[in-house]
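Remarks on the overall topology
Single-letter residue listing:
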Amino acid sequence: MYRQILKNSDYRKLLFADVINRFGDSVDAVAFTWLTYQFSHSASLSALTLAANRLPTVIFQPLFSPITDRLPKKPVQAVCDFIRAALVGIFLLLFLTDSLQAWMFLAFTFLMNTVESFRIPAGVGMLPRLVGKEDYKEASSFIRSAGMGAELIGTGLAGLIVALSMGAAFAVDLLTFVLSGLLILGIRLQETAAPKAERKGYFAELKGGFQYLGKNHIFLLLVVGAVLGNSINSIFASLQAPYISEVFRGGSETLSLLGVCETAGLLSAFYFYPKISERISSRNQFLLSFGTSCASYLLLLLIPWLGWFRYPAAGLLMFGWGLLGGTAASLFSVKLVQVVEPDYLGRAASVFNAAGACVTPLMSAAIAGLVAFLPIQAALLMGAAAAAVVFAVMARLKLCRALNEGEKGSAEADNEA
């Protein structure tokens, strides 16, 4: 399925760079989270560090994207990798010399993710240039599945690496950034920055990008779909631990089981997405993401009554939820490249990521307040009802049919649905 795309040596370099990056990030995430709490013994600092991790995506990605859209993508990514390596090196030096202070945890995670917010729009714009739009679906699916596999391996090994040496964990992260930057530099991609005569001022570029995206109705549909989908799924994400303990009557091993099954579903979706997209039209993939959420919330209420069979049933449910969630994520990624012009792709991805990222903490806060007055089961029923309403509205929306443009047999698939 991926044999042809893997013959592209430059794509392989980008793939290995992403895999190495994801592995290092997963090791760093465990090490940094553990060190933050061990250093301060403060849950508040841990929460603030998470906020500092998410803020750059919401605030800076849309602001940086007009700059990265008009710059050569390869050097932007490589330089960002080397800057992140330098930041990890400074943090490692402070750790080894016992010079760390509480504010430094916030500062370093904020700076690291600010640099990443500059890098991500460049990465989004680079892949279509390497493989072309016709191979983007396969290229994107494989790089996603390989990256998630590396992240799983990194997360699994991180505990062992941290137990052996906390410094070694950060050294691994530093090395992965350096290797990633070198691989990116090795890619043969002829790029030039936009001529100065054709450049507009920064604010003109920013305004022009938002005006263009505001007129792109399919792009707006994808953004709305992502925001609504993340909002609905945030209900269970926020209540997963209390649900398992109070409703499911399970322990920490159940939390691990459900996480593994959902991740397995995501991996399967990313790997097999080219085949999935041949059999299910884009519109139906879009609708299924909401239909699945509705059914899943109802099943979450029924599964605790199944006795010992509730464990395999819950695992199967989370695998299916992950499978459809991964399919929706792949659909959004592919459609962004198909419906947005290359000059605006970085800005489109930034707006999309920022919109999706900001809704999760807002919904988590709302759910935290809600369950103070209502039982967990009521919140799950609200999730099912919200998903059903969105599914019904989207199914009648004519714009959703435009997702199928250019697909063979899409009309027949919709008629059958």
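Structure report, in brief. (Residues numbered from 1 in each chain as written. Predicted model: local features only at pLDDT ≥ 70, side-chain atom pairs only at ≥ 80, totals over all residues. Heavy atoms only, no water.)

**Focus on the overall build of the protein**
- A tally of helices and strands in the protein yields 15 helices and 0 strands.
- Here the protein holds 417 residues, and the buried ones make up 46% of them.
- For the protein, the share of sequence-separated contacts (at least 6 apart) that also reach a separation of at least 24 residues comes to 87%.
- Surface accessibility of the protein: about 19700 Å² in total, with carbon and sulfur atoms responsible for 67%. (Helix = DSSP H or I, 4+ residues; strand = E, 2+ residues; numbered from the N terminus. Buried < 20%, exposed > 50% of the residue type's maximum accessible area, 1.4 Å probe, protein only. Contact = heavy atoms within 4.5 Å. Areas by Shrake-Rupley, 256 points an atom, 1.4 Å probe, with all protein chains shown as cover.)

**Details of the environment of threonine 33**
- Residue position: threonine 33 is located in helix H1 (residues 9–40).
- Sequence separation between threonine 33 and phenylalanine 105 is 72 residues, and the spatial gap between their C-alpha atoms is 9.8 Å.

**Quick notes on the nonpolar core**
- Residues Tyr243, Phe286 and Tyr297 are the most contacted members of the largest nonpolar core, which totals 72 residues.
- Sorting elements by how many residues they give to this core places helix H8 (residues 217–247) first, with 13 residues.
- Leave out the neighbours within four places in its chain, and phenylalanine 286 touches Leu221, Gly225, Leu331, Phe332, Met394, Cys400 and Leu403. (Core = buried A, V, L, I, M, F, W, Y, C linked by side-chain atoms within 4.5 Å.)

**Overview of a nonpolar patch on the surface**
- On the surface, a cluster of nonpolar side chains totalling about 430 Å² of accessible area is made up of Phe82, Leu175, Leu179, Leu182 and Leu185.
- With 4 residues, the single largest contributor to the nonpolar patch is helix H6 (residues 166–185).
- By the secondary structure assignment, phenylalanine 82 is in helix H3 (residues 73–96). (Patch = residues over 30% accessible without salt bridge, like charges linked within 9 Å, V, L, I, M, F, W, Y side chains within 5 Å. Salt bridge = Lys/Arg side-chain N within 4 Å of Asp/Glu carboxyl O.)

**Focus on the pattern of salt bridges**
- Applying the stated criterion across every chain, the model contains 4 salt bridges.
- Linking arginine 119 and aspartate 81 is a salt bridge whose minimum nitrogen-to-oxygen distance equals 2.9 Å. Here the residue arginine 119 occupies a position in helix H4 (residues 102–131), and aspartate 81 occupies one in helix H3, the gap between them amounting to 38 residues. Each member of the pair, arginine 119 together with aspartate 81, is buried.

**A look at the packing of H8 against helix H10 (residues 282–302)**
- Closest axis-to-axis distance for the H8/H10 pair is 11 Å, and the angle between their directions is 20°. In this view, H8 runs roughly parallel relative to H10, as classed from their interaxial angle. Between H8 and H10 lies a crossing whose hand is left-handed. In this structure, H8 uses Leu221, Gly225, Leu228, Gly229, Ile232, Asn233, Ile235, Phe236 and Tyr243 to contact H10, whose residues at the interface are Phe286, Phe290, Ser293, Tyr297 and Leu300.
- Among the residues forming the contact of H8 with H10, the class breakdown is 10 nonpolar, 4 polar and no charged. (Axes fitted to C-alpha atoms, helices over the stretch in contact; angles between N-to-C directions. Parallel < 35°, antiparallel > 145°, perpendicular 65-115°, else oblique. Left-handed = near helix turned anticlockwise from the far one by under 90°. Nonpolar A, V, L, I, M, F, W, Y, C, P; charged D, E, K, R; others polar.)

**Looking at empty space enclosed by the protein**
- Evaluation of the coordinates by the stated rule reveals 1 cavity of 30 Å³ or more.
- Space inside the largest cavity adds up to approximately 40 Å³.
- In terms of lining residues, the largest cavity is bounded by Tyr243, Phe248, Leu258, Leu300, Ile303, Ala314, Leu317 and Met318.
- With 3 residues, the top contributor of residues to the lining of the largest cavity is helix H11 (residues 310–339).
- For the lining of the largest cavity, the per-class residue count stands at 8 nonpolar, no polar and no charged. (1 Å grid on protein atoms, 1.4 Å probe; cavity = no way out; pocket = protein on both sides within 12 Å on 5 of 7 lines; lining within 4 Å. Points joined across faces, edges and corners; volume = space filled by probe spheres on them.)

**Overview of the environment of isoleucine 184**
- With respect to the element layout, isoleucine 184 can be found in helix H6.
- You can call isoleucine 184 buried: its relative accessible area is 0%.
- For the pair isoleucine 184 and alanine 17, spaced 167 residues apart in sequence, the C-alpha to C-alpha distance is 6.8 Å.
- Dropping the residues within four chain positions of it, isoleucine 184 is found in contact with Leu14, Ala17, Lys74, Gln77, Ala78, Asp81 and Arg119.

**Things to note about H3**
- When the terminal C-alpha atoms of H3 are compared, their 35 Å separation across 24 residues agrees well with the 34 Å that a helix rising 1.5 Å per residue should span.
- Once H3 ends, the next one or two residues include aspartate 98, with phi positive near 55°. (Expected span 1.5 Å × (residues − 1).)

**Digging into the side chain of glutamine 77**
- Structurally, the position occupied by glutamine 77 is in helix H3.
- Those residues in contact with glutamine 77, other than ones at most four positions away along the chain, are Leu14, Arg119, Ala122, Gly123, Met126 and Ile184.

**Side note on unusual backbone geometry**
- A positive phi angle, close to 55°, is found at aspartate 98, a residue other than glycine.
- In this model, arginine 249 sits at a positive phi of 65°, which is unusual for a non-glycine residue.
- Looking at the element boundaries, arginine 249 is found in the loop between H8 and helix H9 (252–279).

**Here's the deal with the packing of H1 against H6**
- Remark: H1 packs on H6, axes separated minimally by 8 Å, with the N-to-C direction vectors making an angle of 160°. Relative to H6, H1 is oriented roughly antiparallel. Crossing of H1 against H6: the hand is left-handed.
- Looking at the contact of H1 with H6 residue by residue, the classes come out as 18 nonpolar, 4 polar and 4 charged.

**Here's the deal with the packing of aromatic side chains**
- Tallying each qualifying case throughout the model produces 21 aromatic pairs.
- Arranged with centres 5.7 Å apart and planes meeting at 75°, the rings of phenylalanine 236 and tyrosine 243 form a pair that is edge-to-face.
- With relative accessibility at 4%, the residue phenylalanine 236 sits in the buried group.
- Here the aromatic residues Phe32, Phe39, Phe91, Phe95, Phe105, Phe108 and Phe170 are joined through ring pairs into a cluster of three or more.
- The ring of phenylalanine 248 has arginine 310 lying over it, and the distance from NZ or CZ to the ring centre is 5.2 Å. (Phe/Tyr/Trp six-rings, centres within 6.5 Å; stacked < 30°, edge-to-face > 60°. Lys NZ or Arg CZ within 6 Å of the ring centre and 35° of its normal.)

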